[in-house]
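Chain and residue survey
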Amino acid sequence: MTAEQTAPPKAAAGSACEACPAHHAANLIRLGVNMANWDFVVALAGNPNTGKTTVFNHLTGLRQHTGNWPGKTVVRAEGGFAYGGDRYKLVDLPGTYSLLSTSDDEEVARDFILFGSPDVTIVVVDATVLERNLNLVLQVLEITDRAIVCLNLMDEVQRRGMAVDERRLARDLGVPVVPTVARKNEGIPELLQAVADVAFGRIVCKPHRISSPPGLKDALGGLTDEVAAAFPGLPNARWVALRLLEGDPRIAEAVRSGEIADLGRHLSTRSAFATNSLAQEAGQ
Ligand SMILES: Nc1nc2c(ncn2[C@@H]2O[C@H](COP(=O)(O)OP(=O)(O)OP(=O)(O)O)[C@@H](O)[C@H]2O)c(=O)[nH]1
Ligand SMILES: [Mg+2]
């Protein structure tokens, strides 16, 4: 089943209003920094300057909890919202063009998606330069199958006389694609609904993955089993094995030293938010 095929019916039986955007918007309660007892964790990823923080602010309100990522000078922003009676914690990741970890920003974004085990990852893309943004989308889809593409800046697409076939894109990528104009809050109610649908498994993503040639497949299978056996409970052993085969020195060192097992624990969003001396609450 594709994401498109599993999209929920537009109107729930007995209540057409429940499916309308106005109802969704009214359902959103911005919790800001009130982050106790969340039900789901949502990561916001994307290239720089695509509107991630604009989306973040719409969903959480302007108050956010900021600190630093463990061991990094990269700022970490978190906030919360309630939707349909469930509480969501939202983590704004640094803007990156790739997840290949050539900078602290890329490493933070990659490690969080890999080892923080968010329930849903939203990738915010600039629809006017879709091709450039798809590089990151495909990398994210390699490491999680619970993702949504937020096709932002659709007003600019229209203004420039361009068009994006979002249904085709959703079919090709195998994940929901939601067109938005974040600056005007357009599409945000639909984005919220998609987040809830993926979080609850009502939409099952079938992300596009680049298929490996047979030789690589065998090597990858064997090494994935070895990584999983050496680090029980490590999310995404396949991805770690793939990086080892590619000769990624950072991952090789993390496996050699055992640090790879700690990454999952450090970044786990299931523990209380790790404040540090730099932590502060914006606007407080
Ligand atoms: N025209 C238009 N501008 C938008 C839209 N969404 C966001 N912007 C603008 O784009 C600029 C960047 O938005 P941000 O939300 O800061 O983007 P970001 O992805 O958080 O940026 P970094 O954190 O620097 O990577 C701001 O000037 C926003 O007002 C949109 O849908 N349409
Ligand atoms: Mg930002």
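Computed from a predicted model, the values in this text were never measured in an experiment. (Residues numbered from 1 in each chain as written. Chains lettered and ligands numbered in written order. Predicted model: local features only at pLDDT ≥ 70, side-chain atom pairs only at ≥ 80, totals over all residues.)

1. With respect to the overall build of the protein
If you tally the helices and strands in the protein, you get 11 helices and 9 strands. In the protein, which comprises 284 residues, the share counted as buried stands at 37%. When contacts within the protein are restricted to residue pairs at least 6 apart in sequence, those whose partners lie at least 24 apart make up 71%. (Helix = DSSP H or I, 4+ residues; strand = E, 2+ residues; numbered from the N terminus. Buried ≥ 20, exposed ≤ 12 C-beta atoms within 10 Å, placed from the backbone. Contact = placed C-beta atoms within 7 Å.)

2. Some words on the site of ligand 1
As a matter of local geometry, ligand 1 sits amid 16 residues, with G51, K52, T53, T54 and G95 nearest to it. Secondary structure elements with two or more residues in the shell around ligand 1: α2 (52-60) and α5 (154-159). Looking at the shell around ligand 1, the element that brings in the most residues is α2, giving 3 residues. Across the shell around ligand 1, the residue classes tally to 4 nonpolar, 8 polar and 4 charged. (Near = placed C-beta within 6 Å. Nonpolar A, V, L, I, M, F, W, Y, C, P; charged D, E, K, R; others polar.)

3. With respect to α2
Note that an α-helix has 3.6 residues per turn; residues three or four places apart therefore point the same way. When α2 is considered as a whole, its buried residues turn out to be K52, V55, F56, H58, L59 and T60. Backbone geometry just downstream of α2 places G61 in the positive-phi region, at approximately 90°.

4. Things to note about the packing of helix α9 (residues 237-246) against helix α10 (residues 249-257)
At a minimum axis separation of 8 Å, α9 and α10 run at an interaxial angle of 115°. The way α9 lies across α10 gives a crossing that is left-handed. Facing α9, whose interface residues are V240, R243 and L244, α10 presents I251, A252 and V255. (Axes fitted to C-alpha atoms, helices over the stretch in contact; angles between N-to-C directions. Left-handed = near helix turned anticlockwise from the far one by under 90°.)

5. Some thoughts on the pairing of strand β7 (residues 147-152)
Of all 6 residues that make up β7, 6 are buried, and the element is covered over most of its length. In β7, alternate side chains face the same way, and those of A147, V149 and L151 on one face and I148, C150 and N152 on the other are all buried. Once the chain exits strand β6 (residues 120-126) it traverses helix α4 (residues 130-143) before rejoining the sheet at β7, and the crossover so formed is right-handed. Sheet topology note: the β7/strand β8 (residues 177-179) ladder contains 3 bridges and is parallel. Paired with V149 across the two strands is V177, which belongs to β8. (Right-handed = clockwise from strand over helix to strand, strands pointing away. Pairing = 2+ DSSP bridges.)

6. Notes on the confidence of the model for the protein
When pLDDT is averaged across the protein, the result is 82; 81% of the residues are at 70 or more. Confidence over residues 270-284 falls short of pLDDT 50; this stretch has 19 contacts with residues more than four positions distant or in other chains. (pLDDT = per-residue confidence, 0-100.)

7. A word on the pairing of strand β5 (residues 86-92)
By the criterion of burial, β5 is predominantly enclosed, with 5 of the 7 residues buried. Relative to β5, strand β2 (residues 40-46) runs parallel, the two sharing 5 bridges. From the neighbouring strand, V42 faces β5, where its bridge partner is L90. In this sheet, β5 lies alongside strand β4 (residues 75-83) in antiparallel orientation, the contact comprising 7 bridges. Across the sheet, the residue bridging to F81 is Y88, located in β5. Between the end of β4 and the start of β5, which pair antiparallel, lie 2 residues, with G84 showing a positive phi angle near 60°.

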